[in-house]
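Geometric and topological summary
Each chain, letter by letter, is given below.
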Amino acid sequence: MTARSCAGVTTFNGLRHSGAGPGDLVAILGLGGLGHLGVQFAVRMGFETVVIARGAEKRALAAELGAHHYIDSTAEEMSPALQALGGARAVLATGGNSDTMSAAVDGLGPDGVLVVLGVDAAPMRISPMQLIDLTKGVRGMPSGTSADIEDTLRFAALPGVRPHIEEMPLERAADAYARMMDNRARFRTVLTTGV
């Protein structure tokens, strides 16, 4: 249960501690293992939800998950697109790319916060003027405690938030690992035993 709840508690905590309230514009940066859960939580928490991902092919999934808007980062710059929607109160950065996360700061509205969930060893490049201009902030968010997991599961059960997983038998662990490393797993691969 914990292996399946890690992505959920990470995104749930990031959103509930973002400072955004119902009706606020919230962007989910990335539509992978964390992002697809972040979208479901954001919609069910009452946020006007934007998905930012690479490629037009992810637009349908974003809509299926309930997103109100989709920004294809290969076709348009995310920050001006977010500003055209009024500026985000929060951007939940689920992918591990420091340059992309840094660029999202300019898409924040007044008192907006970039919530960093994705991991990258490279430093983020954000100037003080980007933050001071509209009182923006950057916050890192760890996964969560056992109490946070319980809160996440309780919340997810009410509106039906569910992870998208691929199941593979334990004997195919090497195949599952290869799919993950090639970024072909959608969104989590769960190994099963014949029991």
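Our structure's up above, just so we're on the same page.
In this text the structure is predicted, and so the values were computed from the model without any measurement.

1. A short note on the sheet that holds strand 2 (residues 48-53)
Spatial strand order, 3-2-1-4-5-6: 6 strands in an open sheet with parallel pairing. Strand pairing shows two members of the sheet lacking a second neighbour, strand 3 (69-72) and strand 6 (137-140), which therefore form its edges. Across the sheet, the mean angle from the axis of one strand to that of its neighbour is 20°, orientation sign disregarded. For strand 5 (residues 108-116) and strand 6, the ladder comprises 4 bridges, and the chain directions are parallel. The partner of V115 across the bridge, within strand 6, is R139.

2. Some points on the packing of aromatic side chains
A complete count under the given rule lists 3 aromatic pairs for this structure. Ring centres of F12 and F155 lie 5.2 Å apart, and the angle between their planes is 40°; on these two criteria the pair is classed as tilted. Of this pair, F12 sits in helix 1 (residues 2-16) while F155 sits in helix 7 (residues 146-157), placing them 143 residues apart in sequence. By relative accessible area, which is 6% here, F12 ends up buried. Residue class for F155 comes out partly exposed when judged on its relative accessible area of 22%. Ring centres of F41 and F155 lie 5.9 Å apart, and the angle between their planes is 45°; this geometry places the pair in the tilted category. With a gap of 114 residues between them, F41 in helix 2 (residues 35-44) and F155 in helix 7 connect regions that are remote in the sequence. Given the relative accessible area of 1%, F41 is considered buried.

3. A few points about the pattern of salt bridges
If you walk through the whole model with that rule in mind, you get 6 salt bridges. Here R16 and D148 are joined by a salt bridge, their closest N and O atoms 2.7 Å apart. Here R16, found in helix 1, pairs with D148, found in helix 7; they are 132 residues apart in sequence, far enough to count as distant. Since its relative accessible area comes to 16%, D148 is described here as buried. Residue D151 is joined to R16 by a salt bridge in which the shortest nitrogen-to-oxygen separation is 3.1 Å. Residue D151 is found in helix 7, and its partner R16 is found in helix 1; the two are separated by 135 residues along the sequence. R16 sits in the partly exposed class, given a relative accessible area of 31%. Residues joined by salt bridges that share partners form a network here, namely R16, D148, E150, D151 and R154.

4. Examining the environment of T49
The residue T49 is located in strand 2 in this model. In contact with T49, not counting residues within four places along its chain, are V26, I28, V39, A42, V43, A67, H68 and H69. Here V43 takes part through its backbone nitrogen, which lies 3.5 Å from a polar atom of the side chain of T49.

5. Some remarks on the nonpolar core
Among soluble globular proteins, nonpolar side chains are generally buried collectively. L15, L31 and V51 are the most contacted members of the largest nonpolar core, which has 30 residues in total. Of all the elements in the fold, those that place two or more residues in this core are helix 1, strand 1 (25-29), helix 2, strand 2, helix 3 (59-64), strand 4 (88-93) and strand 5. It is helix 2 that provides the largest number of residues to this core, a total of 4 residues. Excluding residues within four positions of it along the chain, L31 makes contact with H36, V39, V51, A53, K58, L61, A62, L65 and F187.

6. Some details on the side chain of T11
Its location among the elements puts T11 in helix 1. T11 sits in the buried class, given a relative accessible area of 0%. A polar atom in the side chain of T11 sits 3.0 Å from the backbone oxygen of A7. Ignoring sequence-local partners within four residues, the contact set of T11 consists of L34, L37, G38, F41, L92 and L117.

Calculation criteria
- Residues numbered from 1 in each chain as written.
- Predicted model: local features only at pLDDT ≥ 70, side-chain atom pairs only at ≥ 80, totals over all residues.
- Heavy atoms only, no water.
- Pairing = 2+ DSSP bridges.
- Helix = DSSP H or I, 4+ residues; strand = E, 2+ residues; numbered from the N terminus.
- Axes fitted to C-alpha atoms, helices over the stretch in contact; angles between N-to-C directions.
- Phe/Tyr/Trp six-rings, centres within 6.5 Å; stacked < 30°, edge-to-face > 60°.
- Buried < 20%, exposed > 50% of the residue type's maximum accessible area, 1.4 Å probe, protein only.
- Salt bridge = Lys/Arg side-chain N within 4 Å of Asp/Glu carboxyl O.
- Contact = heavy atoms within 4.5 Å.
- Polar contact = N/O pair within 3.5 Å; in protein donor to acceptor, adjacent residues only side chain to side chain.
- Core = buried A, V, L, I, M, F, W, Y, C linked by side-chain atoms within 4.5 Å.

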